[in-house]
Amino acid sequence: MAAKKSIQILDQAQIKQKIDRIAYQILEDCFDEKEIIIAGIASRGYVFAQKLEKVMSKISKIKCTLVEITLDKDSTNLVASTNIPVSQCKNKTIILVDDVLNSGRTLLYGLSVFLNIPTKKIRTAVLVDRSHKLFPISTDYAGYTISTVSQEHISVVFDKNKEAVYLS
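Residues numbered from 1 in each chain as written. Predicted model: local features only at pLDDT ≥ 70, side-chain atom pairs only at ≥ 80, totals over all residues. Heavy atoms only, no water.

Peer 1: What's the story with the environment of serine 131 in this structure? I'm lost.
Peer 2: Examined against the element boundaries, serine 131 turns out to sit in the loop between β6 (121–129) and β7 (141–145). What makes serine 131 partly exposed here is its relative accessible area of 37%. If we ignore the near neighbours within four places in the chain, the residues touching serine 131 are Leu101, Thr145 and Ile146. (Helix = DSSP H or I, 4+ residues; strand = E, 2+ residues; numbered from the N terminus. Buried < 20%, exposed > 50% of the residue type's maximum accessible area, 1.4 Å probe, protein only. Contact = heavy atoms within 4.5 Å.)

This is the structure:
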């Protein structure tokens, strides 16, 4: 059986452009906020969140607090944790961040972390939206939307020397 060939769909410059655009969209949506929570789902979603926070800090005076959400995707029950107490997110706008939206399960699990606290609003941001939703999750900010077949895979690489998005 022949190995699947990967096609690069975004390079480092294009990823930066997408992150910049999403940061400006967040700023437009949250212009009257004093602080927002940028909650990234480990591991690549958190790297994406860090990149968004860096751009936000350059273009805005809004305080951005980074939160890392760790999920146990192998558990039969929802098991999630955050690197700061969730109570610190109370009554704030939360931007839930992941690298790729596929079925919506990961974003739904990430969202559930914040369901027991009052929030101003919750928005979602992804670098790539595959349009294969099985759950009622939508993206508020998407860097790139691509229609794929379910057998195809999107890989996001956030490496020190290279950043890219591949379709295989």
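Additional details are given in the paragraphs that follow.
Peer 1: Teacher, can you tell me more about the nonpolar core here?
Peer 2: Ranked by internal contacts, the top residues of the largest apolar core, which has 31 residues, are Ile26, Ile36, Leu52 and Val165. Secondary-structure elements contributing two or more residues to this core are β1 (7–10), α1 (12–29), β2 (35–41), α2 (44–59), β5 (93–101), β6, β8 (154–158) and β9 (163–167). Element by element, the count of residues in this core is highest for α1, at six residues. Beyond its immediate sequence surroundings of up to four residues, isoleucine 36 is in contact with Ile26, Cys30, Met56, Ile62, Lys63, Cys64, Thr65, Thr93 and Ile95. Core analysis: the next-biggest nonpolar cluster, separate from the first, contains 18 residues, Ile84, Cys89, Leu101 and Val113 among them. (Core = buried A, V, L, I, M, F, W, Y, C linked by side-chain atoms within 4.5 Å.)

Peer 1: Looking at this structure, how should I read the state of the cysteines?
Peer 2: When the sulfur atoms of two cysteines share a covalent bond, that bond is a disulfide. One pass over the full model with this rule turns up zero disulfides. The thiol of cysteine 64 is unpaired, and the distance to the nearest cysteine sulfur, on cysteine 30, comes to 8.9 Å. A relative accessible area of 14% places cysteine 64 in the buried class. (Disulfide = S-S within 2.5 Å.)

Peer 1: For this particular structure, what's the right way to read the side chain of threonine 65?
Peer 2: Relative to the assigned elements, threonine 65 resides in strand β3 (residues 63–71). On the basis of relative accessibility, which here comes to 16%, the residue threonine 65 falls in the buried class. A polar contact of 2.5 Å, which involves the side chain of threonine 65, links it to the side chain of glutamate 35. Beyond its immediate sequence surroundings of up to four residues, threonine 65 is in contact with Glu35, Ile36, Ile37, Ile38 and Ile84. (Polar contact = N/O pair within 3.5 Å; in protein donor to acceptor, adjacent residues only side chain to side chain.)

Peer 1: Is there a simple way to think about the sheet that holds β1 in this case?
Peer 2: Each strand in a sheet pairs with another by means of backbone hydrogen bonds, the pair being arranged parallel or else antiparallel. Strand order across the open sheet formed by three strands is β1-β9-β8, with antiparallel pairing between neighbours. Of all the strands in the sheet, just β1 and β8 have a single pairing partner and so form its edges. The mean inter-strand angle of the sheet, taken between neighbouring strand axes irrespective of direction, is 35°. Strand direction decides the pairing type here: β8 and β9, joined by five bridges, are antiparallel. Across the sheet, serine 155 pairs through a bridge with tyrosine 166, a residue of β9. Across the sheet, α1 lies against β1, β8 and β9, angled at about 35° from β1, the strand it touches most. Most of the contacts of α2 go to β8, to which it runs at about 55°, and overall it touches β8 and β9. (Pairing = 2+ DSSP bridges. Axes fitted to C-alpha atoms, helices over the stretch in contact; angles between N-to-C directions.)

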